[in-house]
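Structural features, examined
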Amino acid sequence: ELKVEQNPLFLSMQEGKNYTIYCNYSTTSDRLYWYRQDPGKSLESLFVLLSNGAVKQEGRLMASLDTKARLSTLHITAAVHDLSATYFCAVDTRFPNNNAGNMLTFGGGTRLMVKP
Amino acid sequence: DSGVTQTPKHLITATGQRVTLRCSPRSGDLSVYWYQQSLDQGLQFLIQYYNGEERAKGNILERFSAQQFPDLHSELNLSSLELGDSALYFCASGPGLAGGYTDTQYFGPGTRLTVL
């Protein structure tokens, strides 16, 4: 059974600081997603990482994927209050049958609070 | 706005009752996914449909069922409801390549179910 673990689960940081959220997963996959969720809201897609070594950046967020280490990171640069939210990583798994579907397995989420 | 719509937004009902949650995917998307988000279980995949056919099944209880109609909208039916079924239920959609991975799954706003 695939397990996806994020750490830290909660992160309180000052504006202007840098930090990294880690996402480890237990089985082989080369497709990983990062989502953002504001309280009581839906999930917003941030990044899709499709291969080993993939790196994507959007504003103050940068995500990377190391499929050999089964590790993805979400790096926050010079945090601002607007980045306060819960961040989820999710691993895409294809079902091993002829009528193959797929599913996302989510990590537990990292609640980020950026203080002025 | 992801383009995925879900109704109703909120649903309050009693134990033992049955409810139906509705989802309309983004225009052109053939795959619909259902997820449950609760405080104790986190975000869990329930079921996937692709172009009217069930393609993948996760931790979906036998009391729950789903279907996707010819117009591609989907319904999730929850019966014999228990207190523990209280959660946020998300629908997501994606292009859904047959037999392969999809691209990003786009999430709807969710239906908050409260079972009293």
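Structural notes, computed from the coordinates. (Residues numbered from 1 in each chain as written. Chains lettered and ligands numbered in written order. Predicted model: local features only at pLDDT ≥ 70, side-chain atom pairs only at ≥ 80, totals over all residues. Heavy atoms only, no water.)

Focus on the overall build of chain B
We count it as follows: Only runs of H or I of at least four residues qualify as helices and only runs of E of at least two qualify as strands under DSSP, and these elements are numbered from the N terminus. In this scheme, a residue with accessible area under 20% of its type's maximum is buried, one over 50% is exposed, and one in between is partly exposed, where area comes from a 1.4 Å probe on protein chains only. Two residues qualify as a contact provided that any one of their heavy atoms is within 4.5 Å of a heavy atom in the partner residue. In short, Shrake-Rupley with a 1.4 Å probe defines the accessible areas, and a residue's cover is counted only from the protein chains shown. Just so you know, the count uses Lys and Arg for positive and Asp and Glu for negative, and it drops His and the chain ends. By convention, charge coordinates are those of NZ in Lys, CZ in Arg, CG in Asp, or CD in Glu.
Counting its secondary structure elements, chain B contains 0 helices and 11 strands. In chain B, the order of α-helices and β-strands from amino to carboxyl end is β-β-β-β-β-β-β-β-β-β-β. With 116 residues in all, chain B has 53% of them scored as buried. Partitioning the intrachain contacts of chain B with sequence separation of at least 6 by distance along the chain shows that 57% fall at a separation of at least 24. As displayed, chain B offers around 5300 Å² of accessible surface, 48% of which is attributable to carbon and sulfur atoms. Both charge centroids of chain B, one from 8 positive and one from 11 negative side chains, sit 4 Å from each other.

Describing the interface of chain B and chain A
The line we're drawing: Buried area is understood as the total, over both parts, of accessible area removed when two parts are fitted together, assessed with a 1.4 Å probe. We count a salt bridge whenever a side-chain nitrogen from Lys or Arg sits within 4 Å of a carboxyl oxygen from Asp or Glu. Pairs of N or O atoms are called polar contacts if they sit within 3.5 Å, as long as, within protein, a hydrogen donor faces a hydrogen acceptor (for residues adjacent in sequence, only side-chain-to-side-chain pairs).
On the side of chain A, 23 residues touch chain B, which itself brings 24 residues to the contact. Both sides of the chain B and chain A interface together cover about 1900 Å² of buried area, and 51% of this is carbon and sulfur. Applying the counting criterion to the chain B and chain A interface returns 0 salt bridges. Connecting chain B to chain A are 4 residue pairs in polar contact (both at pLDDT 80 or more).

A few points about the environment of Thr13(B)
Residues and elements named next belong to chain B. Relative to the helices and strands, Thr13 resides in strand β2 (residues 10–13). For Thr13, a relative accessible area of 15% corresponds to the buried category. Placed 62 residues apart in sequence, Thr13 and Glu75 show a C-alpha to C-alpha distance of 17 Å. Those residues in contact with Thr13 that lie beyond four places of it in its chain are Val19, Leu81, Leu113, Thr114, Val115 and Leu116.

Let's talk about the layout of surface pockets
We apply this condition: Points on a 1 Å grid, built from protein atoms alone, make a cavity when a 1.4 Å probe fits but cannot get out and make a pocket when they are open with protein on both sides within 12 Å along at least 5 of 7 lines; residues with an atom within 4 Å of a point are the lining residues. Grid points are joined across faces, edges and corners, and a volume is the space filled by probe spheres set on the points. Put simply, Ala, Val, Leu, Ile, Met, Phe, Trp, Tyr, Cys and Pro go in the nonpolar bin, Asp, Glu, Lys and Arg in the charged bin, and everything else, Gly too, in the polar bin.
The volume enclosed by the largest pocket comes to roughly 650 Å³. If you trace the largest pocket, you find 24 residues lining it, with Gln37(A), Thr86(A), Phe88(A), Gln37(B) and Leu39(B) closest to the centre. Mapped by element, the contributors of at least two residues to the lining of the largest pocket are β9 (85–94) and β11 (110–115) of chain A together with β4 (31–38), β5 (42–50), β9 (87–94) and β11 (111–115) of chain B. Along the lines of polarity and charge, the residues of the lining of the largest pocket split into 11 nonpolar, 10 polar and 3 charged. Roughly 360 Å³ of internal volume is contained in the second largest pocket. Along the walls of the second largest pocket sit 18 residues, with Glu1(A), Leu2(A), Thr105(A), Gln44(B) and Asn59(B) positioned nearest its centre. Looking at the lining of the second largest pocket, the elements with two or more residues in it are β10 (102–106) of chain A together with β5 of chain B. For the lining of the second largest pocket, the residue count by class is 7 nonpolar, 8 polar and 3 charged.

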